[in-house]
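Remarks on the overall topology
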There are 2 protein chains.
Amino acid sequence: MPRVLGVDPGLTRCGIGVVEGVPGRPLAMVAVGVVRTRTSDEIPLRLLALEAELETWVERHRPDVVAIERVFADANVASVMGTAQASAVAMLAATRRGIPVRLHTPTEVKAAVTGSGRADKAQVTTMVTRLLSLDAAPRPADAADALALAICQVWRGGTQSRLAEAVAAQAGRRTASSRPPRAVAR
Amino acid sequence: MPRVLGVDPGLTRCGIGVVEGVPGRPLAMVAVGVVRTRTSDEIPLRLLALEAELETWVERHRPDVVAIERVFADANVASVMGTAQASAVAMLAATRRGIPVRLHTPTEVKAAVTGSGRADKAQVTTMVTRLLSLDAAPRPADAADALALAICQVWRGGTQSRLAEAVAAQAGRRTASSRPPRAVAR
């Protein structure tokens with residue numbers, strides 16, 4: 001069953017959710033969590049800590065695709081820098097291993113799981129809980145958002161998969177040539 | 001002689017300059033260059049290509065400090081995302097190896113090399129060329145800016161060096177202890 005690791009990027013809280021599924025079949029949650037880094041630490045250290053955690057998740061769950069929220073520069077100015085940097089860390093953790101990365105906008109994610117691109121957070125959380133048949137809502141919101149991203153990818157993935165595969169193949173070749181002793185998956 | 005690698009972060013053009021020196025003595029340029037990634041490539045691939053180049057520079061020149069331009073979210077909205085992501089890649093390349101990272105604002109850099117925080121690009125390039133006793137101005141501007149950052153670090157570095165050392169020491173420990181047999185934290 002195809003497995004997607006969703007990332008809601010952030011430096012203070014980064015949501016991660018792993019989902020298995022194909023369109024038209026019940027979805028299954030594999031794992032969910034949040035990586036936190038200390039606001040009192042310097043940015044380089046926080047990026048390093050986040051990278052170590054994301055690599056652990058990728059190594060452990062070996063997703064077929066990593067889905068990341070597409071960040072916009074016109075979002076909240078105070079947090080957009082950390083979000084952009086956290087998304088870069090997530091992209092590298094996947095691409096380095098030849099795993100395709102796919103980006104989805106918040107509107108695409110909301111529309112995928114609730115039917116409306118203008119749904120609020122509570123609605124997204126409710127639908128994620130229902131679609132994954134969970135006993136309780138995932139908390140915090142970043143965790144639910146990461147699962148929503150993964151679900152969005154499962155359902156929308158087919159339309160863009162050829163592009164993602166081409167990118168992954170190219171990345172695999174580049175990684176293989178520039179980092180000798182590392183085995184590349186797929 | 002202490003060696004600084006300066007990075008003017010960018011995804012389309014990333015300036016890199018290596019300078020050796022101490023305050024009050026003539027400065028020496030070790031190397032300068034620009035890393036370019038193709039705008040037609042996907043962002044994850046561009047980050048991976050930039051990472052490979054930056055790691056080559058760090059490995060080859062083994063700087064004592066990496067100085068990176070501090071990025072602000074209120075800069076040009078169209079380019080700020082790429083700049084933030086490129087700076088994250090540079091921070092990781094250094095911090096992963098326990099090399100201290102130092103950030104300087106454009107105003108600090110201009111003030112360091114020209115005496116005025118409001119100097120224009122031509123003035124910065126002129127002073128970089130003069131201070132490093134170069135036969136010709138470094139081109140493109142990103143290369144000159146990276147050298148200016150390194151010079152700024154040489155001259156301002158002393159005041160904040162204890163913090164940088166503490167951060168580097170902490171990063172070295174974390175990297176050493178958090179790699180291979182990691183446990184997942186949720």
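Residues numbered from 1 in each chain as written. Chains lettered and ligands numbered in written order. Predicted model: local features only at pLDDT ≥ 70, side-chain atom pairs only at ≥ 80, totals over all residues. Heavy atoms only, no water.

Describing the side chain of arginine 46 of chain B
All names here are of chain B. Which entries qualify depends on this criterion: For the purposes of this entry, the term helix denotes a DSSP run of H or I that reaches at least four residues, the term strand denotes a run of E that reaches at least two, and both are numbered from the N terminus. Under the scheme applied here, a residue whose accessible area is under 20% of the maximum for its type counts as buried, over 50% as exposed, and between as partly exposed, the area being computed with a 1.4 Å probe on protein chains only. We count Lys and Arg on the positive side and Asp and Glu on the negative side, and we leave His and both chain ends out. What counts as a salt bridge is simple: a side-chain nitrogen of Lys or Arg found within 4 Å of a carboxyl oxygen of Asp or Glu. Whenever two N or O atoms come within 3.5 Å, that pair is a polar contact, provided that in protein one can donate a hydrogen and the other can accept it, and provided that, for residues adjacent in sequence, both atoms are side-chain atoms. Contacts were defined at the residue level, with two residues in contact if any of their heavy atoms lie within 4.5 Å.
With respect to the helices, strands and loops of the structure, arginine 46 is situated in helix α1 (residues 43-61). Comment: no salt bridge for buried arginine 46; closest opposite-charge side chain is aspartate 41, at 6.4 Å. A distance of 2.9 Å separates the side chain of arginine 46 from the side chain of threonine 37, its partner in a polar contact. Excluding its chain neighbours within four sequence positions, the residues that come into contact with arginine 46 are Leu11, Thr12, Thr37, Arg38, Thr39 and Asp41.

What to know about the packing of helix α3 (residues 106-114) of chain B against helix α5 (residues 141-156) of chain B
All names here are of chain B. We count it as follows: Inter-axis angles, ranging from 0 to 180 degrees, are taken between N-to-C directions of lines fitted to C-alpha atoms, where helices are fitted over the stretch in contact. Angle categories: roughly parallel below 35 degrees, roughly antiparallel above 145, roughly perpendicular from 65 to 115, and oblique for all the rest. Residues were grouped as follows: Ala, Val, Leu, Ile, Met, Phe, Trp, Tyr, Cys and Pro as nonpolar; Asp, Glu, Lys and Arg as charged; and all remaining residues, including Gly, as polar.
Two numbers describe how α3 lies on α5: the axes approach to 9 Å, and their chain directions differ by 75 degrees. When the axes of α3 and α5 are compared, the pair comes out roughly perpendicular. Counted together, Glu108, Val109, Ala112 and Val113 of α3 and Ala148, Leu149, Ile151, Cys152, Trp155 and Arg156 of α5 form the full contact between these two elements. Its residues assigned to classes, the contact of α3 with α5 shows eight nonpolar, no polar and two charged.

Some remarks on the pattern of salt bridges
Here the structure, examined in full by the defined rule, presents 22 salt bridges over all chains. Between glutamate 59 of chain B and arginine 62 of chain B there is a salt bridge; the shortest N-O distance is 3.1 Å. A relative accessible area of 60% places arginine 62 of chain B in the exposed class. Several salt bridges share partner residues, and in doing so they unite Glu51, Glu55, Glu59, Arg62, Arg96 and Arg97 of chain A together with Glu51, Glu55, Glu59, Arg62, Arg96 and Arg97 of chain B into one network.

Digging into the UniProt feature "active site" (unreviewed entry) in chain A
Residue and element names in this part refer to chain A. Our working rule: UniProt positions are given in the numbering used here, feature names are shortened, and annotations may be inferred rather than shown by experiment.
Look at the UniProt record and you will see "active site" (unreviewed entry) annotated at Asp8, Glu69 and Asp142. Despite a sequence span of 135 residues, these residues sit close together in the fold, their greatest C-alpha distance being 11.1 Å. Assignment of secondary structure puts aspartate 8 in strand β1 (residues 3-8). Accessibility expressed as a relative area gives 8% for aspartate 8, which makes it buried. Ignoring sequence-local partners within four residues, the contact set of aspartate 8 consists of Arg13, Cys14, Gly15, Glu69, Asp142, Asp145, Ala146 and Leu149. Structurally, glutamate 69 can be placed in strand β4 (residues 65-69).

Section: the pairing of strand β2 (residues 13-20) of chain B
Residues and elements named next belong to chain B. We apply this condition: Here a strand pair is declared whenever DSSP counts at least two bridges between the two strands.
Of all the eight residues making up β2, six are buried; the element is thus mostly covered by neighbouring parts of the structure. In this structure, strand β1 (residues 3-8) lies alongside β2, joined through six bridges in antiparallel fashion. Looking across to β2, one finds that valine 4 is bridged to valine 19. Where β1 hands over to β2, the hairpin turn is made up of four residues, counted between the paired strands.

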